[in-house]
Amino acid sequence: MTSPMGRLAAKHPLPALILRRLGLSLILLAAVSLLIFAGVEALPGDFATTYLGQAATPQAVANIRAELGLDQPVMTRYFQWLAGALHGDFGTSWASRMPVATQIADRLGNSLFLAAVAAIISIPLAILLGLVAVLTRDTFLDRAINVVTLAAISLPEFFVGYLLIMVFAVNMGVATFPSTIFPGMTLGAKLQAIALPVATLVLVVLAHMMRMTRAAIISVLSSAYMETAELKGLGAWRAILRHAAPNAIAPIVNVVALNLAYLIVGVVVVEVVFVYPGMGQYMVDAVTVRDMPVVQACGLIFAAVYILLNMTADIIAIVSNPRLRHPR
């Protein structure tokens, strides 16, 4: 007997695949939340001891632990934390005694602003460079682009960041460091302040997206229908834009989504290097003082964003590629 999901998949394969991706994403997020909570619990050290100092008496430590609810069973605290997170309540910061959600709102906005500016620059530039590399394949320009991008991929973010600081902020004095933004700044002032961290993120993600765009389009160019397009006399640009690019969109979208996830989730190192007031810097400061509600909230938000962007990439790939909707 066919299950309801099986009948739905037979009649409407696209909605069924989207619902399946959504269900898998929710299951993955639940599993990740458990791993985040368990990982934070396993960290060495204790907030009560860190807050009171090494000279604290056992009774004082016990009082702090009871006040924060740390004397309750681990699973009880996990389900209480998860129930609150589902309602947007991540608890109260142990260090500042302020709601974590309120503090995260401003920090998350700063991180999204930094990632958005980097994405606006890097995504079109990566696709354009990928197309140029395809059209000049096996020429000096293609080799030069590949060598430069491979070198950019090989350099760690903190090294690129410190190099940009030394050249443009210290030696030339044309860039701002540290990259601090605050409410009330004009858009121009904010863009000037984040020039160096944006350049670091662009250099890191641009190379990967460009190389994957080039590889995806070259793979499509070897198809029979592309040979037919060439025999019809279509120009290189027209053949690529009209026939190759639409069929290469699925792998390109996946790469773009992964790099967007990195821009939002992987900015921790860049924000610390440039002292940028975003989620990454906030989480690192919380780890230093063992402020576990903040660490757990940041970890869960990072995981949710990463899973959401990957799910979006899967859905776009399914919609754009009929072969994924009708597997054989």
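What counts, and at which threshold
Residues numbered from 1 in each chain as written. Predicted model: local features only at pLDDT ≥ 70, side-chain atom pairs only at ≥ 80, totals over all residues. Heavy atoms only, no water. Helix = DSSP H or I, 4+ residues; strand = E, 2+ residues; numbered from the N terminus. Buried < 20%, exposed > 50% of the residue type's maximum accessible area, 1.4 Å probe, protein only. Contact = heavy atoms within 4.5 Å. Patch = residues over 30% accessible without salt bridge, like charges linked within 9 Å, V, L, I, M, F, W, Y side chains within 5 Å. Areas by Shrake-Rupley, 256 points an atom, 1.4 Å probe, with all protein chains shown as cover. Salt bridge = Lys/Arg side-chain N within 4 Å of Asp/Glu carboxyl O. Phe/Tyr/Trp six-rings, centres within 6.5 Å; stacked < 30°, edge-to-face > 60°. Expected span 1.5 Å × (residues − 1). Bend = angle between axes of the 7 residues up to and from the residue. Axes fitted to C-alpha atoms, helices over the stretch in contact; angles between N-to-C directions. Parallel < 35°, antiparallel > 145°, perpendicular 65-115°, else oblique. Nonpolar A, V, L, I, M, F, W, Y, C, P; charged D, E, K, R; others polar.

Draft legend 1. Here's a closer look at the side chain of glutamine 296. Following the sequence through the fold, glutamine 296 ends up in helix α16 (residues 292-320). Under the relative-accessibility criterion, glutamine 296 is labelled buried at 5%. Not counting the four nearest positions on each side in its chain, glutamine 296 is found in contact with Ile36, Phe37, Val40, Glu41 and Trp81.

Draft legend 2. A nonpolar patch on the surface, seen in detail. Together, Leu155, Phe158, Phe159, Tyr162, Leu163, Met166 and Val269 line one region of the surface with nonpolar side chains, adding up to about 630 Å² of accessible area. Of the residues forming the nonpolar patch, the biggest block, five residues, is contributed by helix α8 (residues 157-171). Structurally, the position occupied by valine 269 is in helix α14 (residues 268-273).

Draft legend 3. Here's a closer look at the packing of aromatic side chains. All chains considered together, the criterion is met by five aromatic pairs. Judged by centre distance (5.5 Å) and plane angle (65°), the ring pair of phenylalanine 37 and tyrosine 78 falls under edge-to-face. Of this pair, phenylalanine 37 sits in helix α2 (residues 13-41) while tyrosine 78 sits in helix α5 (residues 74-86); the two residues are 41 residues apart in sequence, bridging distant segments of the chain. The same class applies to phenylalanine 37 as to tyrosine 78, namely buried. Look at tyrosine 78 and tryptophan 81: their rings are 6.2 Å apart centre to centre, the planes differ by 45°, and that puts the pair in the tilted class. Here tyrosine 78 pairs with tryptophan 81, and both are found in helix α5, just three residues apart, close to one helical turn. In this pair, the class of tyrosine 78 matches that of tryptophan 81, namely buried. By way of ring pairs, the aromatic residues Phe37, Tyr78, Phe79 and Trp81 are connected into one cluster.

Draft legend 4. The arrangement of helix α6 (residues 100-135) in detail. Between its first and last C-alpha atoms α6 spans 51 Å; for 36 residues at 1.5 Å apiece the expected length is 52 Å, and the two agree. Along α6, the largest kink reaches about 25° and is centred on alanine 119.

Draft legend 5. Seen up close, the packing of α6 against helix α15 (residues 279-288). Between α6 and α15, the shortest axis-to-axis distance is 8 Å and the interhelical angle comes to 135°. As summarised for this structure, α6 and α15 are arranged oblique, according to the angle between their axes. Between α6, through Gln103, Ile104, Arg107, Leu108 and Ser111, and α15, the contact on the second element is made entirely by Met279, Gly280, Gln281 and Tyr282. For the contact of α6 with α15, the per-class residue count stands at four nonpolar, four polar and one charged.

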